[in-house]
Amino acid sequence: MRAGRTDDLKTLYEKAFDTIGKGVESFSPRLEAREVGTVEKVNTGIATVSGLPGAGYEELLEFPGGVFGIAFNVDEDEIGVVLLGDYSHLFAGDEVRRTGRVMDIPVGHELLGRVIDPLGRPLDGEGPIRSLHRLPIERASVPIMDRAPVTEPLQTGIQVIDALIPIGKGQRELILGDRQTGKTTIALDTILNQGRQDVLCVYCAIGQRAASVAKTIAILRDRGALEYTVVMVTEGNQAPGLTYIAPYAATSIAEFFMEEGRNVLIVYDDLTNHARSYRELSLLLRRPPGREAFPGDIFYIHSRLLERATHLRKERGGGSLTALPIIATDAQNISAYIPTNLISITDGQIYLSPSLFELGVLPAVDVGKSVSRVGGKAQLAAFRSVAGDLKLAYSQFEELESFARFGARLDEDTRKIMAHGRRIRGSLKQPEFSPISVPAQIAILLAISAELFDEIPLNRIDEAERAVQQAAETMPDDLRERLFTADTLKAEDREAITEIARQALMKFFSDEKEETLPAKGAAGESLFEPEEPEDLKFSQEAEKSEVSAAAEHTAHETEESDEKIPPQVSPPPKPASEKAKKKNRRPGKKKS
């Protein structure tokens, strides 16, 4: 038994050694040449490397500890590298290797609902991302012949934007304003409204505070918007290189969905931090500064980013990429360097006014300084039929409002325009994270045009607007369909929607008549007058009080003078003294 086992083991060993021998004989060692460089010095977010003669511009280089960098300055003797991660463990003399590829990022449907950094690493603690596709972060924009005109609207759910500053799919619309004026809120409202529009979203937080980013992610998750959104995050305390590549990486993710024929919305929040990080890197790399210390190619880095947003032809899938870049201004200075650059690159801007924000007009969109250059052609016909008159009436109201602040007397027609304008402003107010559907928006706008809100007090406009929204949900299906597909809003459809709004507001009319219209004239005429502006009322009351006080004071003085002061004859003037005569006499002249 033992001899049989020994023979079996011997046979197994012989087979194993034969297999190993054959493997060794078939192995042929290959020599692979690798370029290895040396770190010369490390600075804030950058490193200077020598010894890589074959490295190209924007090539990815590998440092010890799994840190990567991008070749930014390729000089004859050394390379300036932008580091993409924690560089605290790097020192002069460390080894650097070429990778032979440019910076890329994983893309695909696996990223939906995830929070990642610009390198594609997950930040949400839900495990690794297993993606089958990768795309470089820097890609050429779509050629002109492969682009299609902007013809489809992108509904934001924000009434003042959809009606007065419409955005089309494939458009680039800038959102700018001072700090804490609601720029991110407009972007989040737009993302929340895309769930019903079948639009995928990419939110890129560039150099933001961790607390604000966590709040944004919580809002998206609580309202179910994270399911169709990819969130890319770079915090303010991270390496400036990560902040610099973040918008390009996010755009590559969005382009993957666009090339599949999907409609995509991307938000850059915000490009002010992106420009500052690029300025920091350029100054550290000894690039010559220009205006406001920004490098000369600051315009180019933003134009090549935003040119990737477009609407593809049907032959290319018909997808679209709509960009909403955000910019922060200082003291309402929209003529600064970076804001003017982006205004000239984009297809329009939405300006948020701090004055309106302080007055409680939210969203604080300044209609006079906002514009959409291509979105009007993509706007729904129902919006176009009322938007022109609405914008004109609102502009007239703003002009008259500034004029009425001086206490000027206004005639009856002007007071009606002022009252109508206040109702327009009240109707365009909207709470955050509460997008309004298209039928409800059109019903409200038609009610404004028909002056149905003019008889409702300002403190009940919000309640009346909610009543119209609820009534619009009962609109017939065929009528709702025509709002999206018809080339024009027919007169009968317009009248039907107006009647729905009128019926919803009927109870407010009856309540207002009971509260404010009980008195009738002798001939049965109503004594109701249009509401006067508060500042005008105050000025008129002040003027009346001043006039009455002046009249009483004058009458009182007259009575006292009649009773106490008898009529007197003024005494003749006293002759001037000799000293006064000599003092007033000019020097050098004698009295004749």
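The structure displayed is predicted, hence computed values, not measured ones. (Residues numbered from 1 in each chain as written. Predicted model: local features only at pLDDT ≥ 70, side-chain atom pairs only at ≥ 80, totals over all residues. Heavy atoms only, no water.)

Caption draft 1: The arrangement of helix α13 (residues 438-449) in detail. With 12 residues, α13 extends 16 Å from end C-alpha to end C-alpha; this agrees with the ideal 16 Å at 1.5 Å per step. Buried residues dominate α13, accounting for 11 of its 12 residues. Every buried residue of α13 is accounted for by V438, P439, A440, Q441, I442, A443, I444, L445, L446, A447 and I448. Count one or two residues on from α13 and you reach E451, which has phi positive near 60°. (Helix = DSSP H or I, 4+ residues; strand = E, 2+ residues; numbered from the N terminus. Expected span 1.5 Å × (residues − 1). Buried < 20%, exposed > 50% of the residue type's maximum accessible area, 1.4 Å probe, protein only.)

Caption draft 2: Layout of the layout of surface pockets. A volume near 1,200 Å³ is recorded for the largest pocket. Looking at the largest pocket, it is lined by 46 residues, and the ones nearest its centre are Q180, T184, Q208, S212 and D269. Mapped onto the lining of the largest pocket, the elements with two or more residues apiece are α3 (183-192), β11 (200-208), α4 (210-222), α5 (240-259), α6 (271-284) and β14 (320-328). Of the residues belonging to the lining of the largest pocket, the class tally is 18 nonpolar, 16 polar and 12 charged. (1 Å grid on protein atoms, 1.4 Å probe; cavity = no way out; pocket = protein on both sides within 12 Å on 5 of 7 lines; lining within 4 Å. Points joined across faces, edges and corners; volume = space filled by probe spheres on them. Nonpolar A, V, L, I, M, F, W, Y, C, P; charged D, E, K, R; others polar.)

Caption draft 3: Quick look at the sheet that holds strand β2 (residues 46-50). A barrel is described by the order of its strands in space; here 6 strands give the closed sequence β1-β2-β5-β4-β3-β6, paired in antiparallel fashion. Strand-to-strand twist of the sheet, defined as the mean angle between neighbouring strand axes without regard to direction, takes the value 45°. Pairing analysis gives 3 bridges linking strand β1 (residues 36-43) to strand β6 (residues 95-102), with the strands arranged antiparallel. Each residue of the ladder has a partner; that of T38, found in β6, is E95. (Pairing = 2+ DSSP bridges. Axes fitted to C-alpha atoms, helices over the stretch in contact; angles between N-to-C directions.)

Caption draft 4: Main features of a negative patch on the surface. Taken together, E40, D75, E76, D77 and E78 make up a surface patch of like negative charges. Topologically, E78 is positioned in the loop between β4 (68-74) and β5 (79-83). Judged by relative accessible area, which is 38%, E78 ranks as partly exposed. (Patch = residues over 30% accessible without salt bridge, like charges linked within 9 Å, V, L, I, M, F, W, Y side chains within 5 Å. Areas by Shrake-Rupley, 256 points an atom, 1.4 Å probe, with all protein chains shown as cover. Salt bridge = Lys/Arg side-chain N within 4 Å of Asp/Glu carboxyl O. Lys, Arg positive; Asp, Glu negative; His and termini not counted. Charge placed at Lys NZ, Arg CZ, Asp CG, Glu CD.)

Caption draft 5: Broad picture of the packing of α13 against helix α15 (residues 477-485). α15 packs onto α13 with a crossing angle of 85° between their chain directions and a minimal axis gap of 10 Å. Between α13 and α15, the angle is such that the two are roughly perpendicular. The segment α13 lies against α15, with V438, P439 and I442 engaging R480, L483 and F484. (Parallel < 35°, antiparallel > 145°, perpendicular 65-115°, else oblique. Contact = heavy atoms within 4.5 Å.)

Caption draft 6: Examining the pairing of strand β15 (residues 348-352) more closely. Most of β15 sits out of view: 5 of its 5 residues are buried. Here β15 shows a buried face lined by G348, I350 and L352 and a second buried face lined by Q349 and Y351. Bridge analysis of strand β10 (residues 174-177) against β15 gives 4 bridges, and the strand direction is parallel. Within β15, the residue paired with L174 across the bridge is Q349. Relative to strand β16 (residues 371-372), β15 runs antiparallel, the two being bridged by 2 bridges. Directly across from Q349, in β16, lies its bridge partner V371.

Caption draft 7: Examining empty space enclosed by the protein more closely. The tally for this structure, following the rule as stated, stands at 2 cavities of 30 Å³ or more. By volume, the largest cavity amounts to about 80 Å³. Around the largest cavity, the lining residues are V160, L356, V361, L362, P363, V365, V367, Y394, R425, L428 and K429. Partitioning the lining of the largest cavity into residue classes produces 9 nonpolar, no polar and 2 charged. In terms of lining, the second largest cavity is formed by P153, L154, Q155, D162, P166, I167, G375, A378, Q379, L380 and F383.

Caption draft 8: View of the confidence of the model for the chain. The predicted model of the chain has a mean per-residue pLDDT of 85, with 85% of residues at 70 or higher. Every residue in residues 586-592 scores below 50 in pLDDT, and together they form 1 contact with partners more than four places removed in sequence or on other chains. (pLDDT = per-residue confidence, 0-100.)

Caption draft 9: Region of interest: the environment of I253. Structurally, the position occupied by I253 is in helix α5. Separated by 116 residues in sequence, I253 and I137 have C-alpha atoms that sit 8.6 Å apart. Every residue in contact with I253, bar those within four places of it in the chain, is listed here: I105, P106, V107, L111, I116, V230 and M232.

Caption draft 10: Structural detail: the nonpolar core. Counting 139 residues, the largest nonpolar core has I191, I245, I253, F453 and L505 as its most contacted members. Looking at this core, the element that brings in the most residues is α5, giving 12 residues. Discounting chain neighbours no more than four positions away, the residues touching L505 are L452, F453, I456, A464 and V468. Ranked by size, the runner-up nonpolar core spans 14 residues in total, among them A55, L61, L83 and V96. (Core = buried A, V, L, I, M, F, W, Y, C linked by side-chain atoms within 4.5 Å.)

Caption draft 11: Up close: the sheet that holds β15. Pairing in this open sheet of 8 strands is mixed, and the strands run β8-β12-β11-β13-β14-β10-β15-β16 from one edge to the other. Looking at which strands have only one partner, the edges of the open sheet turn out to be β8 (115-116) and β16. Bridge count between β11 and strand β13 (residues 263-269): 6 bridges; the pairing is parallel. Bridge pairing links V202 to I266 in β13. Its contacts with the sheet put helix α8 (residues 337-345) on β10, β14 and β15, and the angle it makes with β10 is roughly 155°.

Caption draft 12: Layout of the pattern of salt bridges. Tallied over the full model, the rule gives 26 salt bridges. The salt bridge involving R114 is made with D124; its shortest N-O contact spans 2.8 Å. Note that R114 is positioned in the loop between β7 (104-107) and β8 and D124 in the loop between β8 and β9 (133-136), a separation of 10 residues in sequence. Two residues, E499 and R502, come together in a salt bridge whose shortest N-O distance is 2.9 Å. Separated by 3 residues within a single helix, E499 and R502 lie in helix α16 (residues 491-516), roughly one turn from each other. With a relative accessible area of 25%, R502 lands in the partly exposed category.

Caption draft 13: Here's a closer look at a nonpolar patch on the surface. Taken together, the side chains of L9, L12, Y13, F17, I20 and V24 present a nonpolar region at the surface, about 690 Å² in accessible area. Along the chain, the position of Y13 falls in helix α1 (residues 2-26). For Y13, a relative accessible area of 53% puts it in the exposed group.

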